[in-house]
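# Architecture at a glance
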Amino acid sequence: GFSGSFCERNINECNNNPCLNDGTCLDETGRYSCLCMPGYTGVNCQHDIDECSTSKGNPCLNGGVCQDQLNYYNCSCPAGFEGLNCEVNINECSSAPCLNAGKCIDKTNTYTCDCRKGYSGPNCQVNNNDCQGINCNNGRCVDGLDTYTCNCNSGYTGQHCNTHIDECASKPCLYGGACVDLHNEYECKCQLGTSGRNCEVNYDECMSNPCRNGAMCLDGINKFTCECKAGFTGRICEIDIDDCASTPCLNGGTCTDMENGFRCTCLPGYYGSKCYSDIDECASNPCTNGGNCSNRHNRFYCKCQQGYTGYRCETEINECHSNPCQHEGVCQDFLTYYTCTCKAGYTGNKCELRVSNCSSNPCFHGKCMDTINEYICQCDAYYTGSNCDIKIDPCSPNPCQNSAECHPHIPFKCGCIVGYTGIYCQEDINECAHSNPCRNAGTCINTRGSYLCQCVLGYKGHQCEFNYNDCLTNPCLNGGACTDGVNRYDCSCVNGFTGQHCETDINECLSSPCE
């Protein structure tokens, strides 16, 4: 490691480049060391490090094959795995390969489908034919999802269309008709008196009204029955039963046959349904007002109390018959005397005296005029009311319209505001009809109490009396002078400018004046 006469020189062991594979040599006293590049090892970096051989074994998982490289390794993964170390199991279900709502089960490098009922195949793509091996007899099999349906031909029913439908089971034939079952239909054999597909038409034997004397006809099947009213008999109730055949009326009474009965007309002095009772003419107390009854043969006699008269003492002697009450007084009769109820305004036993209604001087500001049972007040000026006690204010409430002022005179007078006229200022004055107040061709529009002027372009003001100054905006440029017109203006330009607004600078050189 040293040389020289006195061993004073340190030998550089790195001069012969002992470090291989681009390793860096470090000279030391009497020796050297190599700093190896990644992936190499050894004293001289002569050994390639095998990254596939680690203390934990093969780094490639799940059967992956390790390929050593310089300072790294590659894993060749078997089918179904991926990742740096083949650690990731590829999910074959991520693409949703199972159809028709089948459930996907992931496996190594493959998958299986758990299919719903009615489906099969690797991807559940096949709808199983549930009609296979099914006999629908009298019908056609229709495949469904995990099921089938038999569409039966007409006249058949049941799960497999093996039951013949009995069209007579619902008893369609009416009025005792006999039902004959046929293929997919039926036939009704109707009884006499009925017709129709279901024998539903019953001929009405009562239509001709065969029952007489108000009897009720009951229609049957090919016949009718009459329910007779009391007093009649026979097949069509044509026989009136004679209730007088047994001579029921006594004491010479006359029998009259009635409907379901008889009536006895008794001789005078007898009564009862069969004339068997003698009449006590006083039994009904025919004498009124306390009269005494005496029974006679087939009659009675009444002896009246004082103040009454008449066959039954029913009439009170009327003391009012002579009209003793005057001036339309009402007479009220009593026994042996009368009273008069006088109309308002009269008094006295016979209503012969007139009552004075003005005696209390009821009219405060007027003259009283006496009438029957009342008075009338003729009021002085400016007063009213039944007693002339109310002073008149002709302006309360205000009869004037449209904000007019009421002047309290007799009669009142309305002071109308501008734009209205009439007794009550109720009429709007059409200012546009009398004379057009709008100037300069303005259009007049009448309004309530006034008018509006619709001005033509160029004018303004209440009556379009002002010509609008179109020069207010100073439209003329470069010192031009503005002259106002009607809805227009004109610009007088200074030398050197032109245009509607004097906006254009005249180029005096255009004519090439310079020679």
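Residues numbered from 1 in each chain as written. Predicted model: local features only at pLDDT ≥ 70, side-chain atom pairs only at ≥ 80, totals over all residues. Heavy atoms only, no water.

An unreviewed UniProt entry lists the chain under the name EGF-like domain-containing protein, with Arion vulgaris as the source organism.

## Considering the overall build of the chain
Our working rule: Each helix is a run of DSSP H or I of at least 4 residues and each strand a run of E of at least 2, with the numbering of both proceeding from the N terminus. Atoms counted for the radius of gyration: C-alpha only. Globule rule: 2.2 Å times the number of residues to the power 0.38. Burial here depends on accessible area, computed with a 1.4 Å probe over protein chains only, as a share of the maximum for the residue type. Under 20% is buried, over 50% is exposed, and the range in between is partly exposed. Contacts were defined at the residue level, with two residues in contact if any of their heavy atoms lie within 4.5 Å. All accessible areas in this document rest on Shrake-Rupley with a 1.4 Å probe, and a residue is counted as covered only by the protein chains that are shown.
Within the chain, the regular secondary structure consists of one helix and 54 strands. Taking 2.2 N^0.38 as the reference for a compact globule, 515 residues should give roughly 24 Å; the C-alpha atoms of the chain span a radius of gyration of 69 Å, well beyond that estimate. Each of the three principal axes of the chain carries a C-alpha extent, and together these read 205 × 115 × 70 Å. Taking all 515 residues of the chain together, 22% fall into the buried category. Considering only contacts within the chain whose residues lie at least 6 apart along the sequence, 17% involve residues at least 24 apart. Taken as a whole, the chain presents about 34400 Å² of accessible surface, with 50% of it coming from carbon and sulfur.

## A look at the pattern of salt bridges
For clarity, the cut-off: For this analysis, a salt bridge means a side-chain nitrogen from Lys or Arg found within 4 Å of a carboxyl oxygen belonging to Asp or Glu.
Throughout the structure, instances matching the rule amount to six salt bridges. When the shortest N-O distance is used, the salt bridge between D370 and R354 registers 3.8 Å. Placement of D370 in strand β39 (residues 366-371) and of R354 in strand β38 (residues 353-354) is noted, with a sequence separation of 16 residues between them. On the basis of relative accessible area, R354 is assigned to the partly exposed category, the value being 49%. Across the pair R488 and D490 runs a salt bridge whose closest N-O atoms are separated by 2.6 Å. Exposure remark for R488: the relative accessible area of 45% places this residue in the partly exposed category.

## With respect to the pairing of strand β19 (residues 178-182)
Stated formally: Strands are labelled as partners when DSSP assigns at least two bridges between them.
Pairing analysis gives five bridges linking β19 to strand β20 (residues 185-189), with the strands arranged antiparallel. Bridging from a neighbouring strand, V180 pairs with E187 of β20. Following β19, the chain reverses through two residues before pairing antiparallel with β20; N184 in that reversal takes a positive phi of roughly 65°.

## Quick look at the pairing of strand β7 (residues 65-69)
The pairing of β7 with strand β8 (residues 72-76) spans five bridges and is classified as antiparallel. Bridged to Q67 within β8 is N74. Hairpin geometry of β7 and β8 is characterised by an intervening segment of two residues between the two adjacent antiparallel strands and by a positive phi of about 65° at N71.

## Some points on the state of the cysteines
As a reminder of what qualifies: Here, two cysteine sulfur atoms that lie within 2.5 Å of each other are counted as a disulfide.
Counted by the stated rule, this structure contains 39 disulfides. Across a sulfur-sulfur distance of 1.9 Å, C168 and C179 are joined as a disulfide pair. On the sign convention where negative means left-handed, the S-S torsion of about -80° between C168 and C179 marks this disulfide as left-handed. In this pair, C168 sits in the loop between β18 (163-164) and β19 while C179 sits in strand β19, placing the two residues eleven residues apart along the sequence. Classification of C168 by relative accessible area gives buried; the value is 16%. C509 forms no disulfide, and the closest cysteine sulfur to it belongs to C514, at a distance of 5.9 Å.

## As for the packing of aromatic side chains
Applied cut-off: Aromatic rings from Phe, Tyr and Trp, with only the six-membered ring used for Trp, were paired whenever their centres fell within 6.5 Å, and each pair was classed as stacked if the ring planes differed by under 30 degrees, edge-to-face if by over 60, and tilted otherwise. Consider the ring centre and the ring normal. A charge sits over the ring if Lys NZ or Arg CZ is within 6 Å of that centre and within 35 degrees of that normal.
For the structure on display, the rule yields two aromatic pairs. Consider the rings of F334 and Y337, whose centres lie 4.9 Å apart with planes at 10°: the pair is stacked. Y337 gets classed as partly exposed once you look at its relative accessible area, which sits at 43%. Positioned above the aromatic ring of Y186 is the side chain of R197, whose terminal nitrogen or guanidinium carbon lies 4.4 Å from the ring centre.

## Re unusual backbone geometry
Even without a glycine there, the phi angle at C124 is positive, about 60°. Here C124 lies in the loop between β13 (119-120) and β14 (126-127). Classification of C124 as buried rests on a relative accessible area of 0%. Of note, the phi angle at C237 is positive, near 60°, even though the residue is not glycine. Classification of C237 as buried rests on a relative accessible area of 1%.

## Re the environment of P172
Residue placement: P172 occurs in the loop between β18 and β19. The class for P172 is buried, based on a relative accessible area of 14%. Separated by 16 residues in sequence, P172 and C188 have C-alpha atoms that sit 8.1 Å apart.

## Regarding the domain arrangement of the chain
Spelled out, the test is: The domain limits used here are those given by an automatic or database domain assignment.
Looking at the chain, the domain boundaries give domain 1 (2-89), domain 2 (432-467) and domain 3 (469-502). For domain 1 versus domain 3, the distance between C-alpha centres works out to 99 Å.

## Description of the environment of P394
Among the structural elements, P394 can be located in the loop between β42 (390-391) and β43 (405-407). Along the backbone, P394 and P411 are 17 residues apart, and their C-alpha atoms lie at a distance of 7.1 Å.

## A short note on the environment of F81
Tracing the sequence through the fold places F81 in strand β9 (residues 81-82). The class for F81 is buried, based on a relative accessible area of 15%. Separated by 397 residues in the primary sequence, F81 and N478 place their C-alpha atoms 89 Å from one another. Filtering out sequence-adjacent residues up to four positions away, F81 remains in contact with N62, C86, V88, N89, I90 and T108.

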